[in-house]
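# Summary of structural features
Below, each chain spelled out in residue letters.
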Amino acid sequence: MKNLRIAVQKSGRLSEKSLEMIKACGIDFSEDSRVLRTFSSNFPLEFLFVRDDDIPTYVNDGVADIGIVGKNEYDEKGYELKIVRDLGFAACRLSIAVPNDFDYKDLKSLEGKRIATSYPRITEKVLKEAGVNATFVNVSGSVEITPQIGIADCISDLVSTGTTLKMNGLKEVEPIYYTSAVMISRKEFEEEEKERFDILNRLLVRMDTVSLAKHKKYILFNLPKKNLTEAAKIIGGMKSPTVTPLLDSEWVSVQSVVSEDRFWEVFESLRDLGAEGILVMNIEKMTE
C-alpha cells in the first residue's frame, strides 16, 4: 500500500498542535527534532517536517499530498490549492502595528507609508480594498525591528499576545486578517491519486471524530422522573438521552452528551429541575 505523504511545520505551536491531533487519532510515529522525515508504524502515513512557508509549495508541486499550515501561508502563496479541513487551532491575527508616537486613525493613515511584512500579498489586498496605496518591504523575519532601523514606517505582522510588539516600541492598531490551521491538498488529488485519497478519507474520519469530541461533554445525573421530558428538551443535541430506572421509582438516571459551549447553561437548567449527582466527563472520541 502507498503512503499518504503529509507536510507539517518542523517546530513551533502549529507543529505541536498538528502532531497532537494526529496522535489523538491513534497514529504512532517517532519524534526527533533532528529527523525531517519519518513514517507511522500503524497507519500508511509519511511525515515531512519542513518550514511552514514551504508547505504550500511542497503540496502544489506534488512533493507532499497534503499539508497542515496556517491559512495565512496558504493565502500568501496564492496557489490554486484546496482547503480540505479548517482545523481551527493555532489561531492568530495579522495586524498593523506602528511606533508608539505614530498618529494612527485608520487604514488611511498608511497612505504612502513603507510597511514591512512577511505577508505583502495579503496586506496589499486589504489596503487596496480600503483604497490605500503603500510601499511594501518584504522581510522574512524580525519584522518588529524594521521601524527602529529606518527600513519601514510601520509593520504588518502576525500577533497572538502583542508582547513582542510592546518590547520593540510598537503598538497594535488594527487587525486586518484572521488565520488558523488548515489542511490543504491539490485540487486534482482525488482524481490523480485514488489510493492515497482513500487513505486521506480514513485520516479525516479519525480527525473529525477527535475534533468533535473536544467540543462535547458527557453528563450523567439523577432526576425526578416527572421532569424527564423537560430535561430532554434542555439537553437537546443527541437523538435521545439514555434513561435508566432507579430503585426509587420516582427517580431516573440520565446520560447524554452536550456541547461544551452550552454546558453551563444546561447545568444550571438541570439543577433548577432538581437534578442531583451531576457527573461531567471529557470525551476522547465520538461520532454523531
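Quick note: structure is the one above.
All values reported here derive from a predicted model rather than from experimental measurement.

### Structural notes on a nonpolar patch on the surface
- A contiguous nonpolar surface patch, about 250 Å² in accessible area, is contributed by Ile145, Ile149 and Ile151.
- As for its position among the elements, isoleucine 149 is in the loop between strand E8 (135-138) and strand E9 (154-159).
- Isoleucine 149 gets classed as exposed once you look at its relative accessible area, which sits at 51%.

### Things to note about the environment of glycine 150
- As for its position among the elements, glycine 150 is in the loop between E8 and E9.
- By relative accessible area, which is 41% here, glycine 150 ends up partly exposed.
- In this structure the C-alpha to C-alpha distance between glycine 150 and arginine 114, which are 36 residues apart in sequence, comes to 9.8 Å.

### Regarding unusual backbone geometry
- In this structure, alanine 90 takes a positive phi of about 55° despite not being glycine.
- Turning to its location among the elements, alanine 90 is positioned in the loop between strand E5 (81-86) and strand E6 (92-99).
- Note on alanine 90: relative accessible area 15%, which makes it buried.
- In this model, serine 142 sits at a positive phi of 50°, which is unusual for a non-glycine residue.
- The residue serine 142 is located in the loop between E8 and E9 in this model.
- Taking relative accessible area as the criterion, serine 142 reaches 55% and is therefore assigned exposed.

### Quick notes on the pairing of strand E12 (residues 216-224)
- Examined bridge by bridge, E12 and strand E14 (residues 251-259) share nine bridges and lie antiparallel to one another. Within the sheet, the bridge partner assigned to tyrosine 218 lies in E14 and is valine 257.
- Bridge count between E12 and strand E15 (residues 276-282): five bridges; the pairing is antiparallel. Paired with lysine 217 across the two strands is asparagine 282, which belongs to E15.

### Focus: the sheet that holds E8
- Read from one edge to the other, the open sheet built from five strands follows the order E8-E7-E9-E6-E10, with strand pairing classed as mixed. At either end of the open sheet lies a strand with only one pairing partner, and these are E8 and strand E10 (170-179). Mean inter-strand twist for the sheet, computed between neighbouring axes without regard to direction, equals 30°.
- With eight bridges connecting them, E6 and E10 associate as antiparallel partners. Across the sheet, residue cysteine 92 finds its bridge partner in E10, namely threonine 179.
- Each of E6, strand E7 (114-117), E8, E9 and E10 touches helix H4 (residues 120-129); the most contacted strand, E8, lies at about 165° to it.

### A short note on the side chain of arginine 186
- In this fold, arginine 186 is placed in strand E11 (residues 181-186).
- Take arginine 186: its relative accessible area is 10%, and that puts it in the buried class.

### Description of the packing of aromatic side chains
- Counting across every chain of the model gives six aromatic pairs.
- Considering the side-chain rings of phenylalanine 189 and phenylalanine 197, the 6.1 Å spacing of their centres and the 70° angle between planes classify their relative orientation as edge-to-face.
- Phenylalanine 189 sits in the buried class, given a relative accessible area of 1%.
- We classify phenylalanine 197 as buried; its relative accessible area is 16%.
- Seen in terms of ring centroids, phenylalanine 263 and phenylalanine 267 are 5.8 Å apart; in terms of plane orientation they differ by 35°. Their pairing is tilted. Of the two residues, phenylalanine 263 and phenylalanine 267 are both situated in helix H9 (residues 263-272); the distance of four residues between them amounts to about one turn of the helix.
- The rings of Phe29, Phe47 and Phe49 are connected pair by pair, giving a single aromatic cluster.

Cut-offs used in this document
- Residues numbered from 1 in each chain as written.
- Predicted model: local features only at pLDDT ≥ 70, side-chain atom pairs only at ≥ 80, totals over all residues.
- Heavy atoms only, no water.
- Patch = residues over 30% accessible without salt bridge, like charges linked within 9 Å, V, L, I, M, F, W, Y side chains within 5 Å.
- Areas by Shrake-Rupley, 256 points an atom, 1.4 Å probe, with all protein chains shown as cover.
- Salt bridge = Lys/Arg side-chain N within 4 Å of Asp/Glu carboxyl O.
- Helix = DSSP H or I, 4+ residues; strand = E, 2+ residues; numbered from the N terminus.
- Buried < 20%, exposed > 50% of the residue type's maximum accessible area, 1.4 Å probe, protein only.
- Pairing = 2+ DSSP bridges.
- Axes fitted to C-alpha atoms, helices over the stretch in contact; angles between N-to-C directions.
- Contact = heavy atoms within 4.5 Å.
- Phe/Tyr/Trp six-rings, centres within 6.5 Å; stacked < 30°, edge-to-face > 60°.

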